[in-house]
Amino acid sequence: MNYDWQAFGGEHHLEAAINFHRETFKDRFLVADSSRWARNGATTADLWYRLWSVNGFIRNEFNIGKWV
Amino acid sequence: MNKKITIILISFLAISNWVFSQENITGKVIDQTDLQPLIGALVQLQSSGNGTVTDEQGNFELTNANGNDKIIIKYLGYDEIIIEVTAQTSDLGRIELQLANTTLDEVIVSASPNNYKGGFKGSNFRINPIALKNINPLSTEEVLRTVPGVNIVGDMGLSNRPNISIRGSWGRRSQKVLLMEDGTPSAPAPYIAPGAYYNPVSDRLTAIEVYKGADMLRFGPNNMYGAINYITAMPPQKPELRVKLIGGQRNYQTGLLSYGGTWNNLGALVEGVYKKFDGFTDNSSVEVLNLNAKIFAKLSDNQSLYFKVSGQFEDNQASLSSQTPFTFDNDPTQNPLDADQFTMRRYGVDIIHKWLPNSNLSFTSKIYATDFERDWWKQVTAKVKASEVKSYIGDEIFNDRYSYLDGKIFGEEDYVIVGRVLTVGKVQRIVVGHTPFRDSKKQ
């Protein structure tokens, strides 16, 4: 969201955002016991990660008077 | 006689001059904000529909303009302009186009030759479209190396797995740098596993932006050190078919085919890129196929929509640890480990919508999703003394892959990396040493 507004005799720019994020990560590690091109073998790690994240920010660019 | 010739010559020059002023109209199209040229803007005569596009300096020359007419100037993401011309008009001078308020900053890139993006609080650097076109890089690493504050440790392939460090961050697989494609995080799992196992091929890119500093808070995870935004090609203004074919040493091949254009308020582009390369060492080949399609539509005066789908498929031989100082000194291109392989596929979709309820307020919503899967075979290796290679791996494998060691005298510190050998029973020997490794990530 972007919003231009006026105050203190100057233009201000307000920006806000919210972000929802989800990830899934499956990690399997197999050790081949036959061909080196095998697509199966003994599973030595079988990990499953899931993550949710919500984050956001609000920022405003103030312009107060003329300082130069 | 001489007088006659002079009169004819003067008359001819006058006529040709008159004809020239009747038919040719020139001008230069620039961005109103940064006063930089706009490349590829469409300049069209309203009556006939005939037109042209601006060149790399933003200049155009319209021919066959007769009498009173109107010239329409369009550029995707900018408000169009209509200019009335008469038979006497020959030069329109500088024409300034204003960025439409429905434009999406993430994906519409200005053709400006500036090396920075105004308005960003902090340090930033951009590889502009003209520079990128002129460099015509093999990979993204090649151009990113030129950016101040960016450090790259080369790896195999064509930047498929880049190691980028910004301001001294840990560079391995660019894990501490946020990589984005058109403003969307591109790592397979940006929070859990941010390693860059996907990186766009350089042929698809129009510009590259590098951000550092305060405004990084706008972006997602891993924004401590810096971010890199790869901006892919937008639909051209004038419908065009683009074919790019490149061949080179070590079986380097690139083929790009794209078709796109802008029809009224809708720009669309479909693109396919195929790349193949045998790599700089043995057994380090790369094969990449990327297919993508995108649409940018101005839905109304206060709404726009961007939609992109893409798929990437890779098949690489990826040796991780085949060299020792000894083997490198002998022959830096040799690599006998042929079973390190990496295959991946990635599907992605981006939807961005912008809505301006009034001139002071705008809402941008974005939905993105990717599905990434890789299968990775890693060879299990052993480091043995160079003098003991033959006895360790046996004659057959030695003669097949390590015969360059034959007859050499080795020092105490000379080692060679070979596939690990398992002894089964007392007689049989098998080289197993290969580990299929698979994972998948979704975001």
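A. Spatial organisation of the pattern of salt bridges. All names here are of chain B. A full pass over the atoms with the stated rule returns 21 salt bridges over all chains. Notably, a salt bridge pairs Arg94 with Glu96, separated by 4.0 Å at the nearest N-O pair. Of the residues examined, Glu96 reaches a relative accessible area of 31% and is grouped as partly exposed. Via salt bridges that share partners, Glu181, Asp182, Arg204, Glu271 and Lys308 belong to a single interconnected network.

B. Region of the structure containing the packing of aromatic side chains. Residues and elements named next belong to chain B. Inspection of the entire model under this criterion finds 13 aromatic pairs over all chains. A ring pair is formed by Trp355 and Phe363, whose centres lie 5.7 Å apart and whose planes are at 25°; its orientation type is stacked. Following the ring pairs from residue to residue traces out a cluster consisting of Phe120, Tyr211 and Phe219. When the ring centre of Phe342 is taken as reference, the NZ or CZ atom of Arg161 above it lies at 4.5 Å. Note that Arg346 overlies the ring of Tyr198, its terminal NZ or CZ placed 4.0 Å from the centroid.

C. Structural context of the sheet that holds strand E6 (residues 81-85) of chain B. All names here are of chain B. Read from one edge of the open sheet, four strands run E3-E2-E5-E6, paired in antiparallel fashion. If you trace the sheet from one side to the other, it starts and ends with strand E3 (51-53) and E6, each paired once. Neighbour to neighbour, the strand axes of the sheet diverge by 20° on average, direction disregarded. As defined by bridge partners, strand E5 (residues 69-74) adjoins E6 across five bridges and the pair is classed as antiparallel. Residue Lys70 lies in a different strand from E6, and its bridge partner there is Glu84.

D. Examining the environment of Tyr230 of chain B more closely. Residues and elements named next belong to chain B. When you line up the elements, Tyr230 lands in strand E14 (residues 227-232). With relative accessibility at 0%, the residue Tyr230 sits in the buried group. When the C-alpha atoms of Tyr230 and Gln341 are compared, they prove to be 27 Å apart, with 111 residues separating the residues in sequence. In contact with Tyr230, other than residues within four places in its own chain, are Thr140, Leu144, Ile164, Leu179, Met180, Glu181, Asp182, Asn199, Pro200, Leu205, Ala207 and Ile208. At 3.0 Å, the side chain of Tyr230 and the side chain of Asn199 are in polar contact.

Scoring rules and cut-offs
- Residues numbered from 1 in each chain as written.
- Chains lettered and ligands numbered in written order.
- Predicted model: local features only at pLDDT ≥ 70, side-chain atom pairs only at ≥ 80, totals over all residues.
- Heavy atoms only, no water.
- Salt bridge = Lys/Arg side-chain N within 4 Å of Asp/Glu carboxyl O.
- Buried < 20%, exposed > 50% of the residue type's maximum accessible area, 1.4 Å probe, protein only.
- Phe/Tyr/Trp six-rings, centres within 6.5 Å; stacked < 30°, edge-to-face > 60°.
- Lys NZ or Arg CZ within 6 Å of the ring centre and 35° of its normal.
- Pairing = 2+ DSSP bridges.
- Helix = DSSP H or I, 4+ residues; strand = E, 2+ residues; numbered from the N terminus.
- Axes fitted to C-alpha atoms, helices over the stretch in contact; angles between N-to-C directions.
- Contact = heavy atoms within 4.5 Å.
- Polar contact = N/O pair within 3.5 Å; in protein donor to acceptor, adjacent residues only side chain to side chain.

Don't take any of this as a statement about function, it's just geometry.
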